[in-house]
Amino acid sequence: MVTDPIADFLTRIRNAQMAGHRIVEIPASNLKKRLTEILYNQGYILKYKFEEDNKQGLIKIALKYDANSKQPAIQSLERVSRPGLRQYAKPAEIRRVKNGLGIAILSTSKGVMTDKDAKAQNVGGEVLCHIY
């Protein structure tokens, strides 16, 4: 049983990249599907596919690497808010990640979105993770 599914999601991607895998499979949930869509829209992964099975389903993610240096597109995945210590931010308190080069993913009242979208819509929420 996983107590923190978001940390598990990030760790599976991190471990697959360190091992040099092209595809990683992750048990699906609506939150993980939205996180995957954000990673794809921001250009951190090549593609993804949601597969249904008789249980909760799977997310297959094709990881993105640099063609020349074989470095992964995602340099760092950091879990910010965790079950033992939730981190919330108002729209004015949302800080930039890596001086604007990375993204923060927030869970807001209007759904899961990036820090830039949250500031544009003037909503705050729980800061789930930082990615760069």
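Residues numbered from 1 in each chain as written. Predicted model: local features only at pLDDT ≥ 70, side-chain atom pairs only at ≥ 80, totals over all residues. Heavy atoms only, no water.

The chain carries the name Small ribosomal subunit protein uS8 in an unreviewed UniProt entry, which gives Niabella soli DSM 19437 as its organism. UniProt's Sequence similarities (unreviewed entry) comment on the chain is quoted here verbatim: "Belongs to the universal ribosomal protein uS8 family." (UniProt positions renumbered as here; feature names shortened; annotations may be inferred.)

Participant: Help me out: how do you make sense of the sheet that holds strand β1 (residues 23-27) in this one?
Facilitator: Taken in spatial order, the three strands of this open sheet run β1-β3-β2, and their pairing is antiparallel. The sheet is open, and its two edges are formed by β1 and β2 (45-51), each paired on a single side. Between one strand axis and the next, the sheet turns through 20 degrees on average, direction left out of account. Against the sheet, helix α1 (residues 5-19) engages β1 and β3 (58-63), with an angle of about 160 degrees to β1. In the packing of helix α2 (residues 30-41) onto the sheet, contacts are made with β1, β2 and β3, and the angle to β2 comes to roughly 155 degrees. (Pairing = 2+ DSSP bridges. Helix = DSSP H or I, 4+ residues; strand = E, 2+ residues; numbered from the N terminus. Axes fitted to C-alpha atoms, helices over the stretch in contact; angles between N-to-C directions. Contact = heavy atoms within 4.5 Å.)

Participant: Mind showing me how you'd approach the side chain of Thr-36 here?
Facilitator: Note on placement: Thr-36 falls in helix α2. Those residues in contact with Thr-36 that lie beyond four places of it in its chain are Phe-9, Ile-45, Tyr-48, Phe-50, Ile-59 and Ile-61.

Participant: How should I be thinking about the pattern of salt bridges in this particular structure?
Facilitator: One side chain can pair with another of opposite charge once the charged atoms of both are near each other. Scanning all chains against the criterion turns up eight salt bridges. For Arg-34, the salt bridge is made with Glu-37, and the minimal N-O distance between the two is 3.5 Å. Of this pair, Arg-34 and Glu-37 both sit in helix α2, three residues apart, which is roughly one turn of the helix. You can call Arg-34 partly exposed: its relative accessible area is 29%. In this structure, Lys-60 and Glu-51 form a salt bridge, with 3.6 Å as the shortest nitrogen-oxygen distance. Residue Glu-51 is classed as partly exposed on the basis of its relative accessible area of 24%. Through salt bridges with shared partners, a single network forms among Glu-25, Lys-49, Glu-51 and Lys-60. (Salt bridge = Lys/Arg side-chain N within 4 Å of Asp/Glu carboxyl O. Buried < 20%, exposed > 50% of the residue type's maximum accessible area, 1.4 Å probe, protein only.)

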